[in-house]
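# Fold and geometry: a report
The primary structure of each chain is shown beneath.
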Amino acid sequence: MSSMRLSKVFAAVAFLVASTTQQTVCGVSKHPVRAKRGMVVSADMLASQVGVDVLKQGGNAVDAAVAVGFVLAVTFPEAGNIGGGGFMVIRFRDGRSTTFDYREKAPGKASRDMFLDEHGEIVQERSRDGYLSVGVPGSVAGLLLALEKYGTMSRERVLAPAIEIARAGFTINRGVAEDLNDESSNFLKFVGTKRLFSNNGKPYQEGDTLIQTDLAETLKRISEEGRDGFYRGRTADAIVAEMKRGGGLITNQDLESYQALERPPVKGTYRGYEVLSMAPPSSGGITLIHMLNLLERFDIASSGFGSSKGVSLIAEAMKIAYADRAEFLGDPDFSTIPQAKLLSKEYADQRAKLIDTLRATPSSRISHGKLPPPEGTHTTHYTVVDHLGNAVSVTTTINSYFGSGVVVDGAGFFLNNEMDDFYAKLGAPNQFGFVGSVVNSVQPGKRMLSSMTPTILVKDGVPFMTIGSPGGMTIIATVLQVILNVVDHGMNIQEAIDATRIYHQWYPDELLYEHRGLSRDVVENLKHRGYRLVERRGYQGRAEGIIIDSKSGVIFGATDSRGYGTALGY
């Protein structure tokens, strides 16, 4: 991408920043963005603009998705990444569908008890901060594999915008500035992080320019050498040197042997819509479809959005599905996953007997089903639809805000802290209060369980909706409620995304709701039903979605008003 072309992109984004205002969550929702040929929705304005630019220049949805992914590694350092992993779901115009699994893996030197002290107790800092918390990154391998198999543009063309933005710098928005400042004290603990993101000891300000020369060179090596530009040579050596500096486990062999995988999607149906989502090691697809199967037997529409009855039904379905998630889901390369059973309507019939439409069923009475665990909240989701009718839904993460906090010195990117998504000790909750089973214990080379839920709905043989969200364990619940809002409550995509959300993860036995997200009488009614309610101090998720109206030929895009993203089409 030429500097002249890049300056036009920056100008376009500056105009968008000046002309776009954020709406208040729980207030009146803004209208979705309309387009006729293509749409990109992501957490960052510049990334969305680059994605649309790729589509305009003849690229398909996969080309645009890969370009967006690499730009987010530059402009959204909290979660956009090349030091983490993710999942991609694709539905092609000819009816085929596929997914890419580029989830991180445990290093070869990892062990089941690596986060326990000599007394068998969890040392939480080991799995959450610093070097031991880092899993082998998968994002670069996954994005390049998707581009190689289904893209139409060269690596050089697709990575050019990210490289140039990293080299020239970009203007920091308020959200990025706040996030960087919130973590500034933690950044001082690590050499590379302190050098790149301490801002010389001063707080970051909205409007500052962030230049990332080291990252530009790392991306250039990927552009020129492909996966070898990351998993071998100078970048790989820098990762291993960083690990040695802080007692981490990743070796050159871990990096060289990492492989992204193409897997079939999990499939289900809900009220005439086909649901395509991510298979294990993501728990998202199976758990989402399990919830939809449970709820399909109830008239959600007539209960009304936000009613005591509707909230209760959704909460009960969540408890059951999350209980099964904890027991049965993990890396399919290490455990036998009863996928067909969990996805079946018959199993939902059996499990739905636990749902009392008048009273809350205590979590203590909901065990996993009888058959023959969670990541940090700062994930990011983006989605693309092209003029050919291809749809791509991508969720990617480095786990917590800025992952492990470790920037690879000389390479310029944050490393994940995904090792905390394993269960360090059977029966003990992780940092998000979730309890898991041996299926998701630490083993060398194993992919940790995820909640990422990139999803595509198909109606009458053509893509209808793409949706996904960050939010750790809450991701599945967020995606579920956006789907219910569209299918059952008739909302447009912007209304469905902006609507308030609830969450129940089985244990602890609490029903969470967003600030002012439920009316006072509904809260009181739910308490009488037996729920322990907790009002969140913050928001739940930042969904990004698209609806395709095949009859009118109009594409509707929406970014969550909880965040700072952008929906752009042409």
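Bear in mind the structure is a predicted one, so any value in this text is a computation, not a measurement.

Rules of the game
Residues numbered from 1 in each chain as written. Predicted model: local features only at pLDDT ≥ 70, side-chain atom pairs only at ≥ 80, totals over all residues. Heavy atoms only, no water. Helix = DSSP H or I, 4+ residues; strand = E, 2+ residues; numbered from the N terminus. Expected span 1.5 Å × (residues − 1). Buried < 20%, exposed > 50% of the residue type's maximum accessible area, 1.4 Å probe, protein only. Polar contact = N/O pair within 3.5 Å; in protein donor to acceptor, adjacent residues only side chain to side chain. Core = buried A, V, L, I, M, F, W, Y, C linked by side-chain atoms within 4.5 Å. 1 Å grid on protein atoms, 1.4 Å probe; cavity = no way out; pocket = protein on both sides within 12 Å on 5 of 7 lines; lining within 4 Å. Points joined across faces, edges and corners; volume = space filled by probe spheres on them. Nonpolar A, V, L, I, M, F, W, Y, C, P; charged D, E, K, R; others polar. Pairing = 2+ DSSP bridges. Phe/Tyr/Trp six-rings, centres within 6.5 Å; stacked < 30°, edge-to-face > 60°. Lys NZ or Arg CZ within 6 Å of the ring centre and 35° of its normal.

### Some details on helix α2 (residues 45–56)
Over its twelve residues, α2 runs 17 Å from end to end, which matches the ideal 16 Å to within 8%, given 1.5 Å per residue. Across the twelve residues of α2, eleven count as buried, placing the element largely inside the fold. By the burial criterion, the buried members of α2 are Met45, Leu46, Ala47, Ser48, Gln49, Val50, Gly51, Val52, Asp53, Val54 and Leu55. One side-chain oxygen at the N-terminal end of α2 lies 3.1 Å from the backbone nitrogen of Leu46; it belongs to Asp44. Gly58 occupies a position one or two residues after α2 and carries a positive phi of about 100 degrees.

### What to know about the nonpolar core
In summary, soluble globular proteins display a tendency toward joint burial of nonpolar side chains. Tyr322, Met465, Leu480, Ile483 and Leu518 are the most contacted members of the largest nonpolar core, which totals 91 residues. Take this core: its biggest share by element is twelve residues, from helix α16 (residues 308–328). Judged by nonpolar contacts, the second largest core, of 84 residues, contains Phe76, Phe92, Val136 and Ile222.

### A look at α16
Along its 21 residues, α16 runs 31 Å from first to last C-alpha, staying within 8% of the 30 Å computed at 1.5 Å per residue. In terms of burial, α16 is a largely internal element, 19 of the 21 residues being buried.

### Describing empty space enclosed by the protein
Looking at the largest cavity, its volume works out to about 170 Å³. Forming the boundary of the largest cavity are 19 residues, of which Phe305, Gly306, Val311, Ile314 and Gln481 lie nearest the centre. Of all elements in the fold, only α16 and α19 (475–487) reach the threshold of two or more residues within the lining of the largest cavity. The residue inventory of the lining of the largest cavity, partitioned by class, reads seven nonpolar, ten polar and two charged.

### A word on the sheet that holds strand β14 (residues 502–503)
Strand order across the open sheet formed by three strands is β14-β15-β16, with mixed pairing between neighbours. Looking at strand neighbours, the two that pair on one side only are β14 and β16 (533–535), the edges of this open sheet. Pairing between strand β15 (residues 511–513) and β16: three bridges, direction parallel. Bridge pairing links Leu511 to Leu533 in β16.

### Thoughts on the packing of aromatic side chains
Under the defined criterion, the tally for this structure stands at 14 aromatic pairs. For the ring pair Phe187 and Phe402, a centre distance of 5.2 Å and an interplane angle of 90 degrees mean the geometry is edge-to-face. Across the pair, Phe402 and Phe187 agree in class, each one buried. Three or more aromatic residues joined by ring pairs form one cluster here, namely Phe187, Phe197, Phe402 and Phe414. Here Arg227 stacks its cationic end above the ring of Tyr231, 4.5 Å away from the centre of that ring. Its guanidinium or amino end placed over the ring of Tyr273, Lys459 lies 4.7 Å from that ring's centre, counting from NZ or CZ.

### Some thoughts on the environment of Asn440
Note that Asn440 resides in the loop between β11 (391–397) and β12 (455–459). Residue Asn440 is classed as buried on the basis of its relative accessible area of 0%. In this structure the side chain of Asn440 is engaged in a polar contact, spanning 2.7 Å, whose partner is the backbone oxygen of Asp421. At 3.0 Å, the side chain of Asn440 and the backbone nitrogen of Leu449 are in polar contact.

### Observations concerning the environment of Met473
Take Met473: it is sitting in the loop between β13 (462–468) and α19. As a C-alpha pair, Met473 and Gly545 span 72 residues in sequence and 19 Å in three-dimensional space.

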